[in-house]
Amino acid sequence: MRRRGCIPFKDFGTSRRNVSDPLVQITDLKKTFNHLGRPLEVLRGIDLSIEPGELVAIVGPSGAGKSTLLHIIGTLDLPTSGEIAIQGQLLSAMGEPKLAALRNKMIGFVFQFHHLLPEFTALENVQMPGLIQGLSRSETEPRARKLLEEIGLGHRATHRPGELSGGEQQRVALARALFLEPPILLADEPTGNLDSATSDTIHDLFFEINEKHGTTIVVVTHNPAFAERMPRIVKMRDGKVDKDLRRGRHPKASSNSPAEG
């Protein structure tokens, strides 16, 4: 199905991707904020590459720069200096319209707070990215229903966010992030507000999505059990990468199935 309103990826920038390029390439990335009239260095020279299909946990103490790095990867913020390329496309070479087009097509987001629209049903919330792209409700509904079924919430399609549990709300947010089939999924503390059992269900969904769709997933988390299940852990400290641990494929998802949580 052709997506009306979507800009082909070849229009995003001037450089051409080599098949050997990492999906995300970060070089000497720095970010400085102005805090009370003084410069505050949050990122101090990050070098990182992320390959297609990787599962990456970014961990570290509060203030290490984890969320700032994630936001820059997602083009929600710009670095003070350094370079970041997505599929070989330098973000610094793009204006805001091209950045927005790349963000919409290439990147899905899941945050600690679900940010669902309260006046719309779960089905309509999942459809929303397609509707914004100019697709009709009849075009978006089948895929939205399929995604809700995939995350175990097909029976909750007509319920509004206020009628769903916290875990169900976060699963709807995850389905919404996947609607346009982005190759990259970025998650910032996606289970920070959930109990441990519900968190495990969401964590399993990340592994299942990666295995089924090949989606590259980068998660900022303070949950040590979740991080330990990831095949790659990037540990940050004081705005730098302290350790980059690669351990092969992730273990099988736990026996939890999407539940009421």
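That block above? That's the structure.
Quick word on the packing of aromatic side chains
Scanning the entire structure with this criterion turns up three aromatic pairs. Measuring from ring centre to ring centre gives 5.8 Å for F109 and F111, while their planes differ by 5°; the resulting arrangement is stacked. Take F109: its relative accessible area is 19%, and that puts it in the buried class. Residue F111 is classed as partly exposed on the basis of its relative accessible area of 27%.

Examining the layout of surface pockets
Looking at the largest pocket, its volume works out to about 470 Å³. Lining the largest pocket we find 20 residues, and of these I107, F109, P129, R176 and A177 sit closest to its centre. Of all the elements in the fold, those that place two or more residues in the lining of the largest pocket are helix 2 (96-106), strand 6 (107-110), helix 3 (122-132) and helix 5 (166-178). The element best represented in the lining of the largest pocket is strand 6, accounting for four residues.

Structural notes on the pattern of salt bridges
For the structure shown, the criterion picks out eleven salt bridges. Residues E124 and R137 are paired through a salt bridge, measuring 3.7 Å at the closest nitrogen-oxygen approach. Taken together, the positions of E124 in helix 3 and R137 in helix 4 (residues 137-150) put the pair 13 residues apart, joining distant regions of the chain. Overall, the relative accessible area of 43% leaves R137 in the partly exposed class. The residue R229 makes a salt bridge to D204 at a minimum N-O spacing of 3.0 Å. Here the residue R229 occupies a position in helix 7 (residues 224-229), and D204 occupies one in helix 6 (residues 196-213), the gap between them amounting to 25 residues.

Considerations on the packing of helix 5 against helix 6
Where helix 5 contacts helix 6, the two axes come as close as 10 Å, and the packing angle between them is 15°. Judged on the interaxial angle alone, helix 6 and helix 5 are roughly parallel. The chirality of how helix 5 crosses helix 6 is right-handed. Touching G167, Q170, R171, L174 and L178 of helix 5 are T198, I202, L205, F206 and I209, all from helix 6. Its residues placed into classes, the contact of helix 5 with helix 6 shows six nonpolar, three polar and one charged.

Some points on the nonpolar core
Counting residues in hydrophobic clusters, the biggest one holds 36 residues, and the most contacted among them are V126, L148, V172, L174, L185 and F206. Within the residue set of this core, elements represented by two or more residues are strand 3 (55-59), helix 3, helix 4, helix 5, strand 7 (184-188), helix 6, strand 8 (216-220) and helix 7. Element by element, the count of residues in this core is highest for helix 5, at six residues. In contact with F206, not counting residues within four places along its chain, are L55, L174, L185, A187, P190, I217 and F226. Counting 31 residues, the second-largest nonpolar core is a separate cluster that includes L48, I84, I184 and M236.

Examining the sheet that holds strand 8
Read across the open sheet, the six strands follow the order 6-7-8-3-9-10; overall the sheet is mixed. Each having just a single partner strand, strand 6 and strand 10 (240-246) make up the two edges of the open sheet. Each neighbouring strand pair of the sheet contributes to a mean axis angle of 15°, computed without reference to strand direction. As judged from the five bridges shared by strand 7 and strand 8, these two strands associate in the parallel manner. Residue pairing for strand 8: L185 is matched across the bridge by I217.

Some thoughts on the environment of E83
Looking at the element boundaries, E83 is found in strand 4 (residues 81-86). When its relative accessible area of 31% is taken as the criterion, E83 is described as partly exposed. Linking E83 and Q25, residues 58 residues apart in sequence, is a C-alpha distance of 8.0 Å. Apart from residues lying up to four places away in sequence, E83 is in contact with Q25, I26, T27, L29, L90 and S92.

About the cut-offs
- Residues numbered from 1 in each chain as written.
- Predicted model: local features only at pLDDT ≥ 70, side-chain atom pairs only at ≥ 80, totals over all residues.
- Heavy atoms only, no water.
- Phe/Tyr/Trp six-rings, centres within 6.5 Å; stacked < 30°, edge-to-face > 60°.
- Buried < 20%, exposed > 50% of the residue type's maximum accessible area, 1.4 Å probe, protein only.
- 1 Å grid on protein atoms, 1.4 Å probe; cavity = no way out; pocket = protein on both sides within 12 Å on 5 of 7 lines; lining within 4 Å.
- Points joined across faces, edges and corners; volume = space filled by probe spheres on them.
- Helix = DSSP H or I, 4+ residues; strand = E, 2+ residues; numbered from the N terminus.
- Salt bridge = Lys/Arg side-chain N within 4 Å of Asp/Glu carboxyl O.
- Axes fitted to C-alpha atoms, helices over the stretch in contact; angles between N-to-C directions.
- Parallel < 35°, antiparallel > 145°, perpendicular 65-115°, else oblique.
- Left-handed = near helix turned anticlockwise from the far one by under 90°.
- Contact = heavy atoms within 4.5 Å.
- Nonpolar A, V, L, I, M, F, W, Y, C, P; charged D, E, K, R; others polar.
- Core = buried A, V, L, I, M, F, W, Y, C linked by side-chain atoms within 4.5 Å.
- Pairing = 2+ DSSP bridges.

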